[in-house]
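Descriptive analysis of the structure
Chain residues, written in single-letter form:
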Amino acid sequence: MIVRLPKAVTLTFILLTWFNFLFSQISPGDLAEAHAHLEGLSNCTLCHTLGSKVSDSKCLDCHKELKSRIDLNKGYHVSKEVKNKTCVSCHNDHHGRKFEIIRFDTTNYDHQLSGYELEGSHNKIACKACHQQKFISDKQLKQKKYTFLGLQTECLSCHTDYHQKTLPNNCLDCHGFDKFSPAEKFNHAKTDYPLVGKHTDVECLKCHKKEIKNGLDFQQFNGIQFANCNSCHTDVHENKFGNDCKKCHTETSFRTIKTISNFDHSKTDYPLEGKHLTVVCSACHKKAYTETLKFKNCIDCHTDYHKGQLSKPGIPLNCASCHTVNGFQGSSYSVEQHQASVFPLKGAHVATPCFECHKKTDVWSFREIGKDCNDCHNDIHQSYIGEKYYPQANCLSCHDEQSWGKVVFDHTLTGFRLEGKHQQPSCRACHFKEEKDGSVTQRFSGLTEKCTVCHTDNHQQQFDVEGVTDCRKCHDFENWKATNFNHNTTKFPLVGKHAEIACTDCHKETIQNNTRFTPYKLTDYRCEACH
């Protein structure tokens, strides 16, 4: 069965077939996808000039972003490789929809031809890492599906501002292209705070702290205070010396002190006085001037010369109770202080030099040196005086601390009461006897009351009675005069004129046995013996 079409449909079909045949004879092929909207005979003149080739000017009329760059003599299209070439020499069309009208070897592409040389890490990353829509600022270019245009050369056009507007935008002043950190071009010497001394060894993070700011990692480099050292460092002196640390310290080392000769030690917790003013600093500050020293007690620095003798349990030794900073020699320990001790000073002890008691050897002694007299003094009476008269060998039984030569002893206890002139001589006169060899012998016991034991018998034993002369029959203790003698008790009582004459008229001095004496016992009482 044959179907016959209407004449109008048949004519339309014939015309279309003929038109397609005719167009296929004119167009060399389909346009690339980017130019697909230019298909059709009516659009040919948008790119072609009649009777001529594709016009570069018509290309640039459409690609205005390229024209503006070429006019500014910028970009790849004004480079030595492209300049003076026609557009179609690189970007010809009519090769089909899938044809890559923009095609070049990105692997070997010399990016410097674009006017922006890839350096460091930029030369290692893929093109698409940078050529992304998000980095394009121009709104029209941003709409393009495929373009290498629209990127800026400023670092912050692609990279996040790590410093969050706290530093200038010219990143290349500090950073290089190889890596962001460390900032290889940064020179601290060109800042307002050049690093010198120990500061050059300090890790950046010590001063430039990391933190979270606006939800991002942040490190502060601007606005750090540095006018004074204590902006960063703790003032270990608690402002006692002011806040200008550089007066004493250097940046070479905190422990290195400059102008130490002018250092005012009075501003420290230990002002220097007396002998301490003449001591060289290193004598106390052996390691470093900033070393913390103990100074509350003298023995924190000085050796206890007394080796603990004066220490008390739980109480630190206070040398200042006896000595001053003006010199260790000599002592400020007063008599008043000694009176409060276990041995109050009395009498001559007050005037006795300290060393007499406390330095009997080469070493000073202040403890357990004794409280009794014989602990310090030689007891010369030991074994000579009995316990009755010398109880517990206590010297104070007879002697006085005011003067050792002064003796207070009740002689009546001996049975021989001292009377008259016997009260005047020292004990030594009777109880000490110097021998011919110069030695002295003591005698306190076994003594007799016989006068001639101590006194010379000037009468040549005239008055001996059974070998004993009792001087007290004639003499008393006040003087040597014979006040007790009564001539009337003799064999020749004095009567008449005899009572008026002097004794020497009858008793004439004579010499016997080479000794001068006066004979008193006469044997011849006849008148003619004298008259």
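Per chain, residues are indexed from 1 in the order of the written sequence. Where totals are concerned, whole chains, interfaces and linings use all residues; where local detail is concerned, this predicted model gives features only for residues with pLDDT of at least 70, and gives and counts side-chain atom pairs only at 80 or more. Excluded from the side-chain calculations are hydrogens and water; all other atoms, namely the structure's heavy atoms, are used.

**Comments concerning the side chain of His 323**
- Looking at the secondary structure, you find His 323 in the loop between helix 7 (281-284) and helix 8 (335-339).
- Looking at His 323, its side chain comes within polar contact range of the main-chain oxygen of Phe 328, at 3.0 Å.
- By definition in these notes, contact holds between two residues if any of their heavy atoms fall within 4.5 Å. Residues contacting His 323, with those up to four places away along its chain left out, are His 306, Phe 328, Gly 330, Ser 331 and Ser 332. Numbering goes from the N terminus for both helices and strands, where a helix is a DSSP run of H or I of at least four residues and a strand is a run of E of at least two. The definition of a polar contact used here is a pair of N or O atoms within 3.5 Å, where within protein one atom must be able to donate a hydrogen and the other to accept one, and adjacent residues in sequence count solely through side-chain atom pairs.

**A word on empty space enclosed by the protein**
- A 1.4 Å probe that fits but cannot get out identifies a cavity on a 1 Å grid over protein atoms alone, an open set with protein on both sides within 12 Å along at least five of seven lines counts as a pocket, and a residue lines either if it has an atom within 4 Å of a point. Grid points are joined across faces, edges and corners, and a volume is the space filled by probe spheres set on the points. With the rule as written, the count across this model stands at one cavity of 30 Å³ or more.
- What the largest cavity holds in volume is close to 50 Å³.
- Along its surface, the largest cavity is lined by Thr 452, His 455, Thr 456, Asp 457, Asn 458, His 459, Cys 471, His 475 and Trp 480.
- As a working rule, the residues Ala, Val, Leu, Ile, Met, Phe, Trp, Tyr, Cys and Pro are called nonpolar, Asp, Glu, Lys and Arg charged, and the rest polar, with Gly in that last group. Split into classes, the residues belonging to the lining of the largest cavity amount to two nonpolar, six polar and one charged.

**Some remarks on a negative patch on the surface**
- A contiguous patch of negative charge, built from Glu 81, Asp 110, Glu 117, Glu 119, Asp 178 and Glu 184, is present on the exposed surface.
- Positionally, Glu 117 belongs in the loop between helix 3 (64-71) and helix 4 (127-130).
- Throughout, exposure labels follow a simple rule: accessible area from a 1.4 Å probe, protein chains only, divided by the maximum for the residue type, with under 20% read as buried, over 50% as exposed, and the rest as partly exposed. Among the residues examined, Glu 117 registers a relative accessible area of 41% and is labelled partly exposed. Exposure above 30% relative accessible area and no salt bridge define the residues that can form patches, which grow by joining like charges within 9 Å and nonpolar side chains of Val, Leu, Ile, Met, Phe, Trp and Tyr within 5 Å. Throughout, the Shrake-Rupley method with a 1.4 Å probe supplies accessible areas, and for residues the shown protein chains are the sole cover considered. In the sections that follow, a salt bridge refers to a side-chain nitrogen of Lys or Arg positioned within 4 Å of a carboxyl oxygen of Asp or Glu. Charge counting follows a simple rule: Lys and Arg are positive, Asp and Glu are negative, and His as well as the terminal groups are ignored. Where a charge lies is defined by one atom per residue type, namely NZ (Lys), CZ (Arg), CG (Asp) and CD (Glu).

**Notes on the packing of aromatic side chains**
- Any pair of Phe, Tyr and Trp rings, taking the six-membered ring for Trp, is counted once the centres come within 6.5 Å. Such a pair is stacked with planes under 30 degrees apart, edge-to-face with planes over 60 apart, and tilted for the rest. The final tally for this structure, using the stated rule, is 12 aromatic pairs.
- Taken together, a centroid distance of 5.5 Å and an interplanar angle of 70° make the contact between Tyr 76 and Tyr 109 edge-to-face. Of this pair, Tyr 76 sits in the loop between helix 3 and helix 4 while Tyr 109 sits in the loop between helix 3 and helix 4; the two residues are 33 residues apart in sequence, bridging distant segments of the chain.
- Look at Tyr 76 and you get partly exposed, because its relative accessible area is 26%.

**A look at the pattern of salt bridges**
- Inspection of the entire model under this criterion finds 10 salt bridges.
- Residue Arg 97 is joined to Glu 39 by a salt bridge in which the shortest nitrogen-to-oxygen separation is 2.8 Å. Of this pair, Arg 97 sits in the loop between helix 3 and helix 4 while Glu 39 is found in the loop between helix 1 (7-26) and helix 2 (56-62), placing the two residues 58 residues apart along the sequence.
- A salt bridge links Asp 269 to Lys 240, with the nearest nitrogen and oxygen atoms 2.3 Å apart. On the criterion of sequence distance, the pair formed by Asp 269 in the loop between strand 2 (216-219) and helix 7 and Lys 240 in the loop between strand 2 and helix 7 is long-range, its members being 29 residues apart.
- Look at Lys 240 and you get partly exposed, because its relative accessible area is 34%.

**Details of the side chain of His 459**
- Mapped onto the fold, His 459 is located in the loop between helix 12 (451-454) and strand 5 (464-465).
- Filtering out sequence-adjacent residues up to four positions away, His 459 remains in contact with His 475, Phe 517 and Tyr 520.

**Here we look at the confidence of the model for the chain**
- On average, residues of the chain score 88 in pLDDT, and 95% of them are at 70 or above.
- A residue's pLDDT is the predictor's confidence in that residue, given on a scale from 0 to 100. In the model, residues 18-24 has pLDDT below 50 throughout and makes three contacts with residues more than four positions away in sequence or in other chains.

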